[in-house]
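Here's the letter readout for the chains.
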Amino acid sequence: MNRGTIRSYFIGDAQADRVVPPSGFTAQLTLFAAGAMAFLAVFALALSLASGRLAHRWASELARSATLRITAPQDQLADQTAMALKILRQTPGVARARALSPEEQATLLAPWFGPGLDLSTLPMPQLIEVTEDETGYDAQGLRLRLAAEVPGAVLDDHTRWRKPLVEAATSLRRLGLISILLIGGAMAAMITLAANAALAANAQVIEVLRLVGAKDAYIASAFVRRFTIRALIGAAIGTVLGLGGVLLLPAASDEGGFLTGLGFQGLDWLWPLLIPLLGALVAFGATWAAARRRLKELT
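Attention here is on the structure that accompanies the text.

Conventions adopted
- Residues numbered from 1 in each chain as written.
- Predicted model: local features only at pLDDT ≥ 70, side-chain atom pairs only at ≥ 80, totals over all residues.
- Heavy atoms only, no water.
- Core = buried A, V, L, I, M, F, W, Y, C linked by side-chain atoms within 4.5 Å.
- Buried < 20%, exposed > 50% of the residue type's maximum accessible area, 1.4 Å probe, protein only.
- Helix = DSSP H or I, 4+ residues; strand = E, 2+ residues; numbered from the N terminus.
- Salt bridge = Lys/Arg side-chain N within 4 Å of Asp/Glu carboxyl O.
- Pairing = 2+ DSSP bridges.
- Axes fitted to C-alpha atoms, helices over the stretch in contact; angles between N-to-C directions.
- Contact = heavy atoms within 4.5 Å.
- Parallel < 35°, antiparallel > 145°, perpendicular 65-115°, else oblique.
- Left-handed = near helix turned anticlockwise from the far one by under 90°.
- Nonpolar A, V, L, I, M, F, W, Y, C, P; charged D, E, K, R; others polar.

### Topic: the nonpolar core
Ranked by size, the top nonpolar core spans 33 residues in total, and within it Ile219, Phe223, Phe227 and Phe264 carry the most contacts. Broken down by secondary-structure element, the contributors of at least two residues to this core are helix H3 (25-63), helix H7 (159-201), helix H8 (203-211), helix H9 (216-247) and helix H10 (274-297). Take this core: its biggest share by element is 9 residues, from H3. Counting residues in each nonpolar core, the second largest holds 20 residues, with Ile87, Val150, Ala153 and Leu155 among its members.

Structural data, given as structure tokens:
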């Protein structure tokens, strides 16, 4: 199929267009299939892009942070905290080390113990926030030094739970992309069925056209053009409805966590505009293949 043949499919011919019934269940099936698949594709794309942002945020925000917890008797806690801060500031790769104030630690515990918690009545450990620079530090070496000089110190670099979170977000992104491929395949299958039904219903018309000298490319172009336009219109409607549904999703917020902000952001809103075009391309390929195969069978 050369460029001229493809161009002829889209330029159109008034007489050839009469081969395909302008209405009926094939038109309704094509419009519904394209619209429904485009609607689902919008949400699959939104899930994929949001999961990608989530994985990037978790990886970037948590990769350079760590927490040092010091558990010691109250009369030794201040000395061990001062020693730990001294070691951290001497460690290459540590950009900043800061001991959390009692108010900050009370804020961290507020979701479990409620506001207004008096930490003086509890044997609370001291937390130190550690931030590494671009080069990073030797976590294992730092643990060994802390174990020797600050026995009550435990370093948590968040690797234990950061990696599963990033992998989960990446898997969600991959699942969204796979869903888009499956949606495209399902759309191609339904349009192929509709095209086959239209071709079968017009078998006698096709025989007459052949008798008067019509080429198979001329006949196939009518089916390809009609079903491609139907798919484009249906996909455009489904995309608009899908974007409307995405706009109704809750906006990103710290309170809602990863369950919010599942829509598009910034230039990501341009990606759904490709869905109607991709739907038309899928319909074009599926109808062309079905028409060529069916016309060979009618030979």
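### Considering the pattern of salt bridges
Scanning the model with the defined rule gives 6 salt bridges in all. Salt-bridge contacts for Glu129 lead to Arg98; the nearest nitrogen and oxygen are separated by 3.1 Å. One end of the pair, Glu129, is in strand S3 (residues 126-132); the other, Arg98, is in strand S2 (residues 94-99), with 31 residues separating them in the sequence. Judged by its relative accessible area of 29%, Arg98 is partly exposed. Through salt bridges with shared partners, a single network forms among Arg96, Arg98, Glu104 and Glu129.

### As for the sheet that holds S2
The 4 strands are arranged S2-S3-S1-S4 in an open sheet whose pairing can be described as antiparallel. Edge positions in the sheet fall to S2 and strand S4 (153-156), since each of these pairs with one other strand and no more. Strand-to-strand twist in this sheet, taken as the mean axis angle between neighbours without regard to direction, amounts to 20°. As paired strands, strand S1 (residues 65-70) and S4 are joined by 4 bridges and run antiparallel to one another. The partner of Thr67 across the bridge, within S4, is Asp156.

### Let's talk about the side chain of Thr239
Mapping Thr239 onto the fold places it in helix H9. In contact with Thr239, other than residues within four places in its own chain, are Ala38, Val42, Pro272, Ile275 and Pro276.

### Some details on the environment of Gly93
Here Gly93 is to be found in the loop between helix H4 (74-90) and S2. Between the alpha carbons of Gly93 and Thr131 there is a distance of 8.8 Å; along the sequence they are 38 residues apart. For Gly93, the residues in contact, after removing those within four places along its chain, are Glu132, Asp133, Thr135, Gly136 and Tyr137.

### Points about the packing of H4 against helix H6 (residues 139-149)
One way to put it is that H4 packs onto H6 with a least axis distance of 11 Å and a crossing angle of 150°. Put simply, H4 runs roughly antiparallel to H6. The two elements H4 and H6 cross, and the hand of that crossing is right-handed. From H4, Met83, Ile87, Leu88 and Gln90 reach across to H6, where they touch Leu142, Arg145, Leu146 and Glu149. When the residues that make up the contact of H4 with H6 are grouped by side-chain class, the tally is 5 nonpolar, 1 polar and 2 charged.

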